[in-house]
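Each chain, written out:
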Amino acid sequence: MSQHGVGPRAVTRSVAFLTAGVLAVPALTGCGTEDPAGKPLAAPDIQPAGRDRIADGGTLRWAVDSVPDTLNTFQSDADATTLRVAQAVLPSMFRMNADGRPERNPAYLESAEVVETEPKQVVLYKLNQQAVWSDGREIGAADFAAQWRALSGKDTAYWTARNAGYDRIQKIERGDDALEVRVTFSRPYADWRSLFSPLYPKDVMGTPDSFNDGARKKLKVTAGPFTVKKVNRKDDEITLARNPRWWGEPAKLSEIVLRTVPRDKRAAELAAGTLDVAEIDPSAARRITVAARPQSSSSPLMGPGADRSTADAPRSRAVAEGSNEKAAAAEETADRKKPRKAAAKYARQQQALRGFEVRKSLEPAFTQLALNGAEGPLADERVRRAVARALDRRELAETVLKPLGLPAVPVGSHLALSGQAHYADNSGALGGQDTKEAQALLADAGWVRGGPLKEQKKKEKEEEKAAGAEGEKAVGEDNKAHGGQDPADHLAPDGKQYKHPARGGAPGAYAPKGTAAPANREAAPLAKNGKPLTLRFVLPSGPGSQTLRTVADRISRMLQRVGIGTDISKVSDESYFRDHIASGQYDLALYSWPATAFPATDARPVYAKPVPAADGSLNVEQNYTRVGTDQVDQLFDEAVSTLDESKSRSLLRKADSRIWAAAGSIPLFQRPQLIAARKTLVNTGAFGFGTPVYEDMGFLKKGAKPAAGPSAKGSPVA
């Protein structure tokens, strides 16, 4: 589950031609005054309830992917659990609303605004006078200044993952009183709202030693509705406890326990009663949906293998083979017990899962097809554009989202999602699915059907030498024996298709080797300089990546229709990003990027043009496709430096159009967000864009009902 408020920018974003200026870019504004940003495609699904309906106390047991190596979100090994902890225990000046847009967090800020633009940009923060750290000290300018110095990039002793935005600050000082903080920028910074979220105490940020090590294993001083009570690495748990110094509405829960549970074990843990909420995969969602249906004698609650007839075979087989009948009877009894035991266990789990429901929305992240433009066929923009034009993105979105009852709308931007301020569908800069256009682009790039293939020719000669005429005869007889499909219906090794003379083959069927076969040219692979057009498609092999593999199979079939072959390579989840995506060892790959409310800052390193480093290597930052242009970089630089929000949005939409035109990555669909939650748990679930409000989470009082409203259910999971 993606968490926000602290935002994806709190850690390094991770998991990934022809001159763009000559390409036609469509108009960036919608018809009339309609906002091209639109609305979010799916609402949050959190089972909302008023605080008066929620019981005081209780422990929420929440599955996470890992206990993080650090609790400092600004370090490179921070992860999603680091963010979740920070949201519950640390100040955040701004948080995300349901539309994925930043809004002032009143728990910490009375106001924040740009009060001067000349000669320098100055932002004045007025803090909530009740806001204090858990040690009783007021939150103030000293904390802001310590964080700026740590993250400015000027002191390399601080092991920071990033310094974007903080490197533009010139000075931080106290305002007219202790509740005011004045931040003066050396250069204009459009995304100033992204800063100080989260805000760490000066105890953590004050020195390199405290920054590097002080917040890795514990957080002594916090300022949220919860505190970090214990980090138990032995049991893979983090326990958050209600903060007695919290000045806002007191947390309804006494504790939140974040426990590491592998994705494929979560359904069983939910059924066992050891979890209250967990992000789940589609198969687990289907189990919970099935469990909620009325039971019948033919219900899936019986589980697999419950039919007694499956145990009849061993005994009859043993008797028939002359084995001891007593031994056969024992074997039969054992075989019968196995499916019965499995069915009984499955039925018990399904019964327990009736106490849960699936809450679903769309995650603030999108899955994309990445095209490595560093070398090989995809270094040619025409080939990349052909790949893009071969794809039916709506079909791919429907493959993933329609069975889950979620809106299946292709993502139209690299920089934002529908509903966010910077969103506009700029995919027209590249164009939609068009087989003929894809084929024309490939032909223009020199890839033709039926061209000579060096490797296939060599293999063909070896096969002919080994098999000879007798081999040809055997092939014909084998096909006849298997239902009569003629070898004429198969492609020969060189890509041609031959007709059997007994069936009246066309003249020229036995033309000399190398003769073109025009009638069958469409079936031959594309080739250039003796090499076929085959792209290495790298995918993770883990059980949680089945959806990606399904999408990859669909993409491969779409590419095959225009003559592009794919060689699918499945690698371990551990090495997928590190050894393949980040290092550029792929042609095609599928991975996701989180959405951000601050694309001028956060998206720039993802799409920046790679530049040579001092050691001769290529510095790609986070642009793992290695595709970028000077014009896109310039548009990002202009967007982040203007304080006119409308102008900044326009510049970013132009940048997005040019990113589309370069075809380094193709956004496909917004990721589904499936959360299994106990039915009595409220204000928790699939948050969508919105920042969770941890103090309002809890369990309903006995007899209380949740509120009707934005958590209304969509279609059930199929």
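Residues numbered from 1 in each chain as written. Predicted model: local features only at pLDDT ≥ 70, side-chain atom pairs only at ≥ 80, totals over all residues. Heavy atoms only, no water.

(A) Quick look at the sheet that holds strand E15 (residues 531-532). Strand order in the open sheet formed by three strands is E13-E14-E15, and the pairing between neighbours is antiparallel. Each edge of the sheet is formed by a strand with only one pairing partner; in this case those strands are strand E13 (448-449) and E15. Where strand E14 (residues 526-528) lies against E15, two bridges are found, and the strand directions are antiparallel. In the sheet register, Lys 528 faces E15, and the bridge partner there is Lys 531. (Pairing = 2+ DSSP bridges. Helix = DSSP H or I, 4+ residues; strand = E, 2+ residues; numbered from the N terminus.)

(B) Quick peek at the environment of Leu 151. Mapped onto the secondary structure, Leu 151 falls in helix H2 (residues 141-151). As for Leu 151 and Ala 164, which are separated by 13 residues in sequence, their C-alpha atoms are 8.3 Å apart. The contacts of Leu 151, once residues within four sequence positions are left out, are Phe 74, Thr 160, Arg 162, Asn 163, Tyr 166 and Phe 211. (Contact = heavy atoms within 4.5 Å.)

(C) Quick peek at the environment of Ala 370. Mapped onto the elements of the fold, Ala 370 is located in strand E12 (residues 356-371). By relative accessible area, Ala 370 is classed as buried at 0%. Distance from Ala 370 to Ala 663, taken between C-alpha atoms, is 8.9 Å for residues 293 residues apart in sequence. (Buried < 20%, exposed > 50% of the residue type's maximum accessible area, 1.4 Å probe, protein only.)

(D) Structural detail: the sheet that holds strand E6 (residues 169-174). Spatial ordering of the open sheet is given by E4-E5-E7-E6, a layout of four strands whose pairing is antiparallel. One side of each edge strand has no neighbouring strand; the edge strands of this open sheet are strand E4 (109-116) and E6. The average angle at which neighbouring strand axes cross in this sheet is 15 degrees, direction not considered. Note: strand E5 (residues 122-127) against strand E7 (residues 180-185), five bridges, orientation antiparallel. (Axes fitted to C-alpha atoms, helices over the stretch in contact; angles between N-to-C directions.)

(E) Up close: the nonpolar core. Among the nonpolar cores identified, the biggest contains 101 residues, and Met 93, Tyr 125, Phe 196 and Leu 240 are the most heavily contacted of them. At seven residues, H2 tops the list of elements feeding residues into this core. Setting aside chain neighbours within four positions, we find Met 93 in contact with Glu 103, Arg 104, Asn 105, Tyr 108, Leu 109, Tyr 125, Leu 127, Phe 144, Leu 195, Phe 196, Ser 197 and Leu 199. One finds Ile 288, Leu 353, Val 358 and Leu 526 within the second-largest nonpolar core, a separate group that totals 62 residues. (Core = buried A, V, L, I, M, F, W, Y, C linked by side-chain atoms within 4.5 Å.)

(F) Here's a closer look at the packing of aromatic side chains. One pass over the full model with this rule turns up 18 aromatic pairs. Ring centres of Tyr 125 and Phe 144 lie 5.4 Å apart, and the angle between their planes is 55 degrees; this geometry places the pair in the tilted category. Of the two residues, Tyr 125 is situated in strand E5 and Phe 144 in helix H2; the sequence distance between them amounts to 19 residues. Comparing Tyr 125 with Phe 144, the two get one shared label, buried. For the pair Tyr 158 and Phe 211, a centre-to-centre distance of 5.6 Å together with 75 degrees between the ring planes defines the contact as edge-to-face. Taken together, the residues span a long stretch of sequence, with Tyr 158 in the loop between H2 and E6 and Phe 211 in helix H4 (residues 208-214) at a distance of 53 residues. Per residue, the accessibility class of Tyr 158 equals that of Phe 211, and both read buried. Grouped by ring-pair contacts, the aromatic residues Phe 74, Phe 94, Tyr 125, Phe 144, Tyr 166, Trp 192, Phe 196 and Tyr 200 constitute a single cluster. (Phe/Tyr/Trp six-rings, centres within 6.5 Å; stacked < 30°, edge-to-face > 60°.)

(G) Summary view of the pairing of E12. Taken across its 16 residues, E12 has 16 buried, putting it largely inside the fold. Pairing between E12 and strand E21 (residues 665-678): 12 bridges, direction antiparallel. Residue pairing for E21: Ala 370 is matched across the bridge by Ser 665. Where E12 and strand E18 (residues 588-594) come together, seven bridges link them in antiparallel fashion. Of the residues in E18, the one forming a bridge with Gln 368 is Tyr 591.

(H) Structural view of the pattern of salt bridges. Using the criterion set out here, one finds 30 salt bridges in the structure. Across the pair Arg 51 and Asp 696 runs a salt bridge, and its minimum N-O distance is 2.8 Å. Of this pair, Arg 51 sits in the segment before strand E1 (59-64) while Asp 696 sits in the loop between strand E22 (681-682) and strand E23 (698-699), and the two are 645 residues apart along the sequence. The salt bridge involving Arg 554 is made with Glu 395; its shortest N-O contact spans 3.3 Å. Pair noted here: Arg 554 is in helix H13 (residues 546-560) and Glu 395 is in helix H10 (residues 393-401), with a separation of 159 residues, a long-range link. (Salt bridge = Lys/Arg side-chain N within 4 Å of Asp/Glu carboxyl O.)

(I) The arrangement of unusual backbone geometry in detail. Cis rather than trans, the peptide bond between Glu 118 and Pro 119 has omega equal to 0 degrees. A cis amide bond, omega 5 degrees, links Ser 197 with the succeeding residue Pro 198. The topology assignment puts Pro 198 in the loop between E7 and helix H3 (202-205). With phi around 55 degrees, Asn 529 is a residue other than glycine that occupies positive phi space. Position of Asn 529 relative to the elements: it lies in the loop between E14 and E15.

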